[in-house]
Amino acid sequence: MKIKVYFFLLFSAGFILSCNKVEETIAPCKQLDQYLNISKIEYQDNKPISLRYYGGSLSTLGYVDGKLSFLQEESGREDYYYENSKILSANLYGDTLLFETDGLGRIVKMKFIGDYLATSEISYDARGNISKVIVFDDQGDITHQSEFFDFDGKKNPFSKDWGWPFDVTKPYNEYIYFRNFFLNPDGNPKLIIMTTQTDKKLELYYSYGYTDDDHVAIEALRFRVDGNDTLLHKYTFGYIDCE
């Protein structure tokens, strides 16, 4: 099934993506400027309205009532819909993502409808951190689950003030997975344990470097399976002075 392919790509992305290196010098501030293959982020009212990629392509973003309403790329468009300030659904390049939220407006379930079907359920701990994500296929069988541990208490490169609860700088077919959620009140998880459909456990170890005001400046991910460690990726985040 295609969801298994995407599951593999989630781990292999660090090897197959070709990105220009971002400068290691980080200015301590709150506005993300550069990371991965994004060379420049333009803001309006402290929300990003354009993402300029290395190579010249551009994504533009629009908002309604302070919440993300669309993301326009050269290859297609994403539209987001809300009800009573809670996210309800999204149209992603012709595919559909349906959301269920709790009384606090947090996403607790997502259903992806496209050329494959997948559903994810999201659980939170007592402090509001995402503690577990379980992904199901169209037959209701678990394809994998992720559990999150040891939050660092620091500031994520992304801000909930951007107006959405997941990272739209990632490919939309990855939204079903955890790394596109970044609203944990206790910061960034240092350990993620994933269990596959065949009960194989994969351990993801994150280490971070920080700016003077505790924003994540460097993120390194090591992938451990069967006792063997591999560096999957090392990302550098650049910041600019806030207006």
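Residues numbered from 1 in each chain as written. Predicted model: local features only at pLDDT ≥ 70, side-chain atom pairs only at ≥ 80, totals over all residues. Heavy atoms only, no water.

**Observations concerning the overall build of the protein chain**
Phase 1: Helices and strands together make up the secondary structure of the protein chain, namely one helix and 17 strands.
Phase 2: Looking at the protein chain residue by residue over its 243 residues, the buried ones come to 49%.
Phase 3: On the protein chain, roughly 12,200 Å² of surface is accessible, and the fraction owed to carbon and sulfur atoms is 48%. (Helix = DSSP H or I, 4+ residues; strand = E, 2+ residues; numbered from the N terminus. Buried < 20%, exposed > 50% of the residue type's maximum accessible area, 1.4 Å probe, protein only. Areas by Shrake-Rupley, 256 points an atom, 1.4 Å probe, with all protein chains shown as cover.)

**Comments concerning the nonpolar core**
Phase 1: Residues L32, Y80, L97, F99, I107, F166 and V168 are the most contacted members of the largest nonpolar core, which totals 52 residues.
Phase 2: With near-sequence residues (within four places) excluded, F99 lies in contact with I87, L88, S89, A90, I107, K109, M110 and F166. (Core = buried A, V, L, I, M, F, W, Y, C linked by side-chain atoms within 4.5 Å. Contact = heavy atoms within 4.5 Å.)

**Regarding the environment of L221**
Phase 1: Its place among the elements puts L221 in strand β15 (residues 216-225).
Phase 2: Overall, the relative accessible area of 3% leaves L221 in the buried class.
Phase 3: Sequence separation of L221 and L204 is 17 residues, and the distance between their C-alpha atoms is 6.7 Å.
Phase 4: Leaving out residues up to four positions away in the same chain, L221 has contacts with L204, Y205, Y206, T230, L231, L232 and H233.

**A look at unusual backbone geometry**
Phase 1: Positive phi, normally seen in glycine, also occurs at Y93, with a value near 55°.
Phase 2: Mapping Y93 onto the fold places it in the loop between β7 (86-92) and β8 (95-101).
Phase 3: For Y93, a relative accessible area of 25% corresponds to the partly exposed category.
Phase 4: Here D214, not a glycine, exhibits a phi torsion of approximately 75°, which is positive.

**Some words on a nonpolar patch on the surface**
Phase 1: Among the surface-exposed residues, L98, I113 and L117 lie close enough to one another that they form a single nonpolar patch of about 200 Å² accessible area.
Phase 2: When you line up the elements, I113 lands in strand β9 (residues 107-113).
Phase 3: On the basis of relative accessibility, which here comes to 33%, the residue I113 falls in the partly exposed class. (Patch = residues over 30% accessible without salt bridge, like charges linked within 9 Å, V, L, I, M, F, W, Y side chains within 5 Å. Salt bridge = Lys/Arg side-chain N within 4 Å of Asp/Glu carboxyl O.)

**A few points about the pairing of strand β10 (residues 117-124)**
Phase 1: Pairing analysis gives five bridges linking β9 to β10, with the strands arranged antiparallel. In the sheet register, M110 faces β10, and the bridge partner there is S120.
Phase 2: Two elements, β10 and strand β11 (residues 130-136), share six bridges in a ladder whose sense is antiparallel. Residue pairing in the sheet places S120 in a bridge with V135 of β11. (Pairing = 2+ DSSP bridges.)

**Re the confidence of the model for the protein chain**
Phase 1: Residues at a pLDDT of 70 or more form 84% of the protein chain, whose mean pLDDT is 82.
Phase 2: Contacts from residues 1-28, a stretch scored under 50 in pLDDT, to residues over four places away or in other chains number 58 contacts. (pLDDT = per-residue confidence, 0-100.)

**Quick word on the pairing of β7**
Phase 1: Bridge analysis of strand β6 (residues 76-83) against β7 gives six bridges, and the strand direction is antiparallel. By the bridge assignment, E83 is partnered in β7 with K86.
Phase 2: In textbook terms, the turn of a hairpin is the stretch between consecutive antiparallel strands, and for β6 and β7 this stretch comprises two residues, one of which, N84, has a positive phi near 55°.
Phase 3: Of the strand pairs in this sheet, β7 and β8 are connected by four bridges, and their pairing is antiparallel.

**Overview of the environment of E147**
Phase 1: Inspection of the secondary structure assignment puts E147 in strand β12 (residues 142-151).
Phase 2: Counting along the chain gives 48 residues from E147 to T195, while the straight-line C-alpha distance between them is 8.7 Å.
Phase 3: Sequence-distant contacts of E147, that is, excluding residues within four places in its chain, are made with S131, K132, L191, I192 and I193.

**As for the packing of aromatic side chains**
Phase 1: Taken as a whole and assessed by the stated rule, the structure comprises five aromatic pairs.
Phase 2: Their ring planes at 10° and their centres at 6.2 Å tell us that Y206 and Y208 sit as a pair that is stacked. Y208 carries the same exposure label as Y206, and that label is buried.
Phase 3: Measuring from centroid to centroid gives 6.3 Å for Y208 and Y210, while their planes differ by 35°, and the two rings are tilted.
Phase 4: Overall, Y208 belongs to the buried group, its relative accessible area being 15%.
Phase 5: Y210 gets classed as partly exposed once you look at its relative accessible area, which sits at 31%.
Phase 6: Here the aromatic cluster, defined as three or more aromatic residues joined through ring pairs, consists of Y93, F112, Y116 and Y172.
Phase 7: Positioned above the aromatic ring of F70, the side-chain terminus of R77 is 4.4 Å from the ring centre.
Phase 8: Seen from the ring of Y124, R106 lies directly overhead, with NZ or CZ sitting 4.2 Å from the centre. (Phe/Tyr/Trp six-rings, centres within 6.5 Å; stacked < 30°, edge-to-face > 60°. Lys NZ or Arg CZ within 6 Å of the ring centre and 35° of its normal.)

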